[in-house]
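Next come the chains, spelled out residue by residue.
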Amino acid sequence: MNYWLMKTEPDCFGLDHLKSRPKRTEHWDGVRNYQARNFLRDSMQKGDLAFFYHSSCAEPGIVGVVKIVRAGYPDHTAWAPDNEHFDPKSSPSKPIWYMVDVKLERELKHSITLAALKNNPALKHMQLLQRGNRLSILPVTAKEWNTILKMDKSD
DNA sequence: GCCAACGTTGGC
DNA sequence: GCCAACGTTGGC
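Structural notes, computed from the coordinates. (Residues numbered from 1 in each chain as written. Chains lettered and ligands numbered in written order. Predicted model: local features only at pLDDT ≥ 70, side-chain atom pairs only at ≥ 80, totals over all residues. Heavy atoms only, no water.)

### Here's the deal with the pairing of strand β5 (residues 98-113)
We apply this condition: Two strands form a pair only when DSSP identifies at least two bridges running between them. Helix numbers and strand numbers start at the N terminus; a helix is a DSSP run of H or I with at least 4 residues, a strand a run of E with at least 2.
With three bridges connecting them, strand β2 (residues 25-27) and β5 associate as antiparallel partners. By the bridge assignment for β5, glutamate 26 is matched with valine 102. Here strand β4 (residues 61-74) pairs with β5 via 10 bridges, running antiparallel. Each residue of the ladder has a partner; that of valine 65, found in β5, is arginine 106.

Here it is as structure tokens:
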């Protein structure tokens, strides 16, 4: 059982999009970075939990919790020439890019903002907060996970 | 294998 | 829109 943080731009695919999908489930396609790909392909397991993080927006932060409901499998959007994430080097017989399926578990009533995460000394070493970090999929330690859950004011 | 140029990410 | 940080590309 592992914990993760998955970034997404709300203008592109945000919490509201996931919420409106059948079974509140959608595949997480379009990742075109090898480090993030390795997490998707090799490390993420069915049943793992992840924070759903909004980036590149007015108030970046964690807005929900998702569960990995299908482990890594080839990202077919890489094979579609008309897809914006098309990669001619990838093919069904030799896939390069992978995705998982995520299901929305819980929507936070009050998002946990990036500013709030930065203000928590217990999260000083969190990967998300390290300078220059750009990975769209990041591992979260159990300790960090619990610390962040305690910051949730939904109760 | 080196490294400059370029593109992307993402907070501000 | 700016800019720092980082990944990728391609010439050599």
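Picking up where we left off.
### Considerations on the protein's contact with DNA strand C
Quick note on the threshold: The rule for a residue being near a molecule or strand is that one of its heavy atoms must lie within 4 Å of it.
The environment of DNA strand C is formed by Tyr34, Gln35, Arg131, Gly132 and Arg134. The sugar-phosphate portion of DNA strand C accounts for 65% of its atoms within 4 Å of the protein, the bases making up the rest.

### A look at the layout of surface pockets
Our working definition: Detection works on a 1 Å grid of protein atoms alone, calling trapped sets that fit a 1.4 Å probe cavities and calling open sets with protein on both sides within 12 Å along at least five of seven lines pockets, with lining residues defined by an atom within 4 Å of a point. Grid points are joined across faces, edges and corners, and a volume is the space filled by probe spheres set on the points. Note on residue categories: nonpolar means Ala, Val, Leu, Ile, Met, Phe, Trp, Tyr, Cys or Pro, charged means Asp, Glu, Lys or Arg, and polar means any other residue, Gly included.
Here the largest pocket is characterised by a volume of approximately 660 Å³. As for the largest pocket, its lining consists of 21 residues, of which Thr8, Cys12, Asp29, Gly30 and His85 are closest to the centre. Of all the secondary structure elements, the ones that give two or more residues to the lining of the largest pocket are β1 (3-8), α1 (10-13) and β2. The residue makeup of the lining of the largest pocket, split by class, is four nonpolar, nine polar and eight charged.

### Some points on the environment of isoleucine 137
On the secondary structure map, isoleucine 137 appears in strand β6 (residues 137-140). Taking the C-alpha atoms as reference points, isoleucine 137 and histidine 54, 83 residues apart in sequence, are found 12 Å from one another.

### A short note on the pattern of salt bridges
Heads up, the condition is: When a carboxyl oxygen of Asp or Glu is within 4 Å of a side-chain nitrogen of Lys or Arg, the pair counts as a salt bridge.
By the definition in use, this model includes seven salt bridges. Here lysine 89 makes a salt bridge to aspartate 87, at a shortest N to O gap of 3.7 Å. Salt-bridge contacts for arginine 106 lead to aspartate 152; the nearest nitrogen and oxygen are separated by 2.9 Å. With arginine 106 in strand β5 and aspartate 152 in the segment after α5 (142-151), this residue pair connects regions lying 46 residues apart in the sequence. A network of salt bridges, in which partner residues are shared, links Asp16, Lys19 and Glu107.

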